[in-house]
Amino acid sequence: RRRMRVLELYSGIGGMHYALIESNLSYQVVAAVDINTTANQVYTHNFPNTALLNKTIEGITLEEFNKLSFDMILMSPPCQPFTRIGLQRDLDDPRTKSFLHIVDLLPRLSKAPLYILLENVKGFEKSAAREYLVKTLRECQYTVQEMMVSPTHVGIPNSRLRYYLMAKRSAQQKVRIQEKVVAEDAPPAPHICPSQDKSHTCPCSTQLKATLEVQKKQIQNSDLSVQQIQAFLEPQEDVHEPQHLLPPKTLLRYAQLLDIVRPSCRRSVCFTKGYRKYVEGTGSVLQCCLDTSVEDVFPSLDQCSEEEKVQRLLDLKLRYFTPREVANLMGFPQSFTFPESVSTKQQYRLLGNSLNVVVVAKLLQLLVTPDTW
């Protein structure tokens, strides 16, 4: 059986390549393309025999693409044009230039690829870039399926809801959108405030928000289809704890913003490239001392002196997840390593920009299996 020739665009640290391995497909990556030199260093370290082009995608000509003669395109274009932080400039963002170049070349390729898989952030599904891509794929006789998937859907205790598009060449093209949303991503029920004063913030909204958040976490932790965090942790003796513990200054200032999980939890929030640099919304922290519960510590913190407050928080032994543990939660195998020249800060940044290997592997199997969609 001929090996499928795969083109890996925006290759990063090789998440798509690892997904190909995990999927057990017969493949050959004919080229990987990325302009991030640190990511390329990591990619080459793990895949020394793969041709890696350190150049802009818009700098690759139609002729060069044709020479590669690929059957499948895997891509994870820059997500900033579609995020709130990235100002959602969509097609007006210069970072979509390379993506548009690929879409424009698709109808002109001498041999159209049989399969395409794209990953991006939630928000891409509402973009003009997505509309333009789907329109082009339809014109090129592709069947398209779109879905939102999080690692929790495949039993991994980490929320990372992402948009995926799968396209397959066929005589009859159709477009289907399948949205998988579970408790972790479901919006809370609307709250009607008894206060009639429209000029003030709802007095119970903060309390209600906190209650809903606790309920959401309880639901996630009781989902037995999801593994426990402890299955993804490094052996205790391999973790140099002092360098990963949260410092007193951070605890004092940001305690209420932390997302704290225990090894027995079945949930953690999305790890972003800002993990350890920023506190809120960048990833969970692990509680290592299990003799005390967070519920016992937090409610009475306001009554404590600053010194007492710090001590009570230090007693929880809160630490950051190590880069290896973040990689484990993102489905990277143990064979994946970083070169020694890549700093811990860079490792977190690169992982935060990557994707979940197990999710993509399952989607690749679905993509190439005949008559599954």
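The protein is annotated in an unreviewed UniProt entry as tRNA (cytosine(38)-C(5))-methyltransferase of Takifugu rubripes. UniProt lists a comment for the protein under the heading Sequence similarities (unreviewed entry), and it reads "Belongs to the class I-like SAM-binding methyltransferase superfamily. C5-methyltransferase family."

Our next topic: the pattern of salt bridges. This structure, assessed with the given rule, holds eleven salt bridges. Where Asp71 meets Arg2, a salt bridge forms, and the shortest distance between an N and an O atom there is 2.8 Å. Residue Asp71 is located in the loop between α3 (62–68) and β4 (72–75), and its partner Arg2 is located in the segment before β1 (4–9); the two are separated by 69 residues in the primary sequence. Using a relative accessible area of 4% as the deciding quantity, one classes Asp71 as buried. Residue Arg2 is classed as exposed on the basis of its relative accessible area of 56%.

It is the contact of helix α1 (residues 15–23) with helix α13 (residues 357–368), at a shortest axis distance of 8 Å, that shows an interaxial angle of 55°. When the interaxial angle is binned, α1 and α13 end up oblique. For the pair α1 and α13, the sense of crossing is right-handed. Here α1 contributes Gly15, Met16, Tyr18, Ala19, Leu20, Glu22 and Ser23 to the contact with α13, which in turn contributes Val357, Val360, Ala361, Leu364 and Gln365. Looking at the contact of α1 with α13 residue by residue, the classes come out as eight nonpolar, three polar and one charged.

Quick look at α1 now. Most of α1 sits out of view: seven of its nine residues are buried. Listed in full, the buried residues belonging to α1 are Gly15, Met16, His17, Tyr18, Ala19, Leu20 and Ser23. Close packing links the buried residues of α1 with β1, β2 (27–33), α2 (37–46), β4, β5 (115–121) and α13. Note on α1: the residue one or two positions beyond its end, Asn24, has a positive phi of about 65°.

With seven of eight residues buried, strand β7 (residues 162–169) lies mostly within the body of the structure. Pairing geometry for β5 and β7, over seven bridges, is antiparallel. Bridging across to β7, Tyr115 finds its partner in Lys168. One ladder, built from eight bridges, connects strand β6 (residues 142–149) with β7; its direction is antiparallel. Each bridged residue has a counterpart across the sheet, and for Gln145 the counterpart in β7 is Met166.

The rules behind these values
- Each chain carries its own residue numbering, running from 1 in the written order of its sequence.
- In view of the model being predicted, local features appear only for residues whose pLDDT reaches at least 70, and side-chain atom pairs are presented and counted only at 80 or more, with totals across whole chains, interfaces and linings using the full set of residues.
- With hydrogens and water set aside, each side-chain value is computed from the structure's full complement of heavy atoms.
- UniProt positions are given in the numbering used here, feature names are shortened, and annotations may be inferred rather than shown by experiment.
- The rule for a salt bridge is simple: a side-chain nitrogen of Lys or Arg has to be within 4 Å of a carboxyl oxygen of Asp or Glu.
- Helix numbering and strand numbering both begin at the N terminus, where a helix is a DSSP run of H or I of at least 4 residues and a strand a DSSP run of E of at least 2.
- Only protein chains enter the accessibility calculation, which uses a 1.4 Å probe; a residue is then buried when its area is under 20% of its type maximum, exposed when over 50%, and partly exposed in between.
- Axes, fitted as lines to C-alpha atoms, cover a helix only where it is in contact. Angles between the N-to-C directions of the axes lie from 0 to 180 degrees.
- By definition in this entry, angles of less than 35 degrees are roughly parallel, angles greater than 145 are roughly antiparallel, angles of 65 to 115 are roughly perpendicular, and the rest are oblique.
- Should the near helix be turned anticlockwise from the far one by less than a right angle, the crossing is termed left-handed; should it be turned clockwise, right-handed.
- Residue contacts follow a heavy-atom distance rule, with two residues in contact if any of their heavy atoms lie within 4.5 Å.
- Under this grouping Gly is polar, as are all residues other than the nonpolar Ala, Val, Leu, Ile, Met, Phe, Trp, Tyr, Cys and Pro and the charged Asp, Glu, Lys and Arg.
- Any two strands with at least two DSSP bridges between them are considered paired.

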